[in-house]
Structures are given as C-alpha cells and as structure tokens.
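Here are the chains, one letter per residue:
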Amino acid sequence: CGAGVIARAETAEIYNCINNATVYVSGGSASGVITHLTDGKAINCSNTGNIQLASNISGGSASGVIAHFYGNAVADYYFEISNCVNEGEISASNIDGAVLTNTSAGIVGTINNSTTELRIQGCQNYGLIKGVMDTAGIVGRINANSSSQLAIYESFNVGEVYDMVEFSGMLT
C-alpha cells in the first residue's frame, strides 16, 4: 500500500493534510492522503497529485483522499469525511489481463462500515477518475450492513469518470 501522507491510521482525526506528489503502487492500494483509515475523521484534506494503482490482486483501491475507510466502533460516535478535495488524476488498472474487483474514486475508494455512522459532507472531485470496476467521483464502493448509517451531502463531482467494466458516476 502507498500514500502521499499516511499509510494507516486507527481512531485518528486527520486535519488539513495535503498531497501534491505522484503516488504509484503495484498491487495493494494507493491514495493521495490516507491509504487505510479505521474509525476516524478526515477534515480539510486535499490531493492534487496523480495516483496510479496497477494490480493483479483483487480488493485494491485508488483514491485521492482515502483508499479504504473502515468503521468498526460500537460507541455513540460518528465518523466524518468533510471538506476534502481531489484535483489529481486517479487510475486503477489490472495487469496480466485479469478482471479484478479494484475500486477508484476521487474521495473514498471503498467504505467498509459495519456498525457506525459516517458522514461525508462538502467533498469535491475535479480530477479524472479511471478504473476497471466501481469507479466514481466521490465513493467507489460502499459495503455496509443494516445497522450502518451513511449520509453523503453537499458533495459533488465535475471530473470525468471512465469505468472499463461496470458502473461509473458520483457513487457506484
């Protein structure tokens, strides 16, 4: 896994982080700011660097701000991704001709939310997003159960989105 700023953070509040560098990862996941965030917040973070993931394994994610968000806490607490911006080009591609379940998005590649409340507010994507499955301007894939609460509001995508296999748009 690779990130421009933070590779992994648990129960963390991350404010005002900026990535301007190019991040290239072969296998795993790639992100401009945070590769794995578990039970935390990302506020006022931005990416202008190009993020590229080339993989021959499933489950990877490429994103401008957070590649994977994991919500596992049971406490009365909400998690927040707010006022985050991506202006970089994000791409996820498969190598060796395999069709894999890798995601790509401007803000969050994959959300795995089991029992928590997650708010995504005021996030913006301006960058080109290219992928092979679950490709979107804001969130590539959401894996949640019935006790999860997810709200996305005041967020928008104006960047072009290209998906070679499946769906594309603001959310997939």
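To be clear, the structure that these remarks concern was listed above.
Just so you know, these numbers come straight off a predicted model, no measurement behind them. (Residues numbered from 1 in each chain as written. Predicted model: local features only at pLDDT ≥ 70, side-chain atom pairs only at ≥ 80, totals over all residues. Heavy atoms only, no water.)

Some points on the packing of aromatic side chains
Tallied over the full model, the rule gives two aromatic pairs. When the ring of Phe-69 is compared with that of Phe-79, the centres are 6.1 Å apart and the planes differ by 55°; the resulting orientation is tilted. Separated by 10 residues along the polypeptide, Phe-69 in strand β12 (residues 66-71) and Phe-79 in strand β13 (residues 78-82) bring together distant segments of the chain. Both residues of the pair, Phe-69 and Phe-79, belong to the buried class. On the numbers, 5.9 Å between centres and 85° between planes, the contact of Tyr-126 with Phe-156 is edge-to-face. Placement of Tyr-126 in the loop between β19 (124-125) and β20 (129-131) and of Phe-156 in strand β23 (residues 156-157) is noted, with a sequence separation of 30 residues between them. (Phe/Tyr/Trp six-rings, centres within 6.5 Å; stacked < 30°, edge-to-face > 60°. Helix = DSSP H or I, 4+ residues; strand = E, 2+ residues; numbered from the N terminus. Buried < 20%, exposed > 50% of the residue type's maximum accessible area, 1.4 Å probe, protein only.)

Brief notes about the pairing of strand β21 (residues 135-144)
The buried fraction of β21 amounts to seven of the 10 residues, a majority that puts the element mostly inside the structure. Two elements, strand β16 (residues 103-105) and β21, share two bridges in a ladder whose sense is parallel. When the sheet's bridge partners are listed, Ser-104 is paired in β21 with Thr-135. Inspection of the sheet shows strand β17 (residues 108-113) paired to β21 by five bridges, in the parallel sense. Bridge assignment links Ile-111 to a residue of β21, and that residue is Ile-142. (Pairing = 2+ DSSP bridges.)

Description of the sheet that holds strand β9 (residues 46-47)
Read from one edge to the other, the open sheet built from five strands follows the order β4-β9-β14-β19-β23, with strand pairing classed as parallel. At either end of the open sheet lies a strand with only one pairing partner, and these are β4 (18-19) and β23. Across two bridges, β4 lies against β9 in parallel orientation. Its bridge partner lying in β9, Ile-18 is registered against Ser-46.

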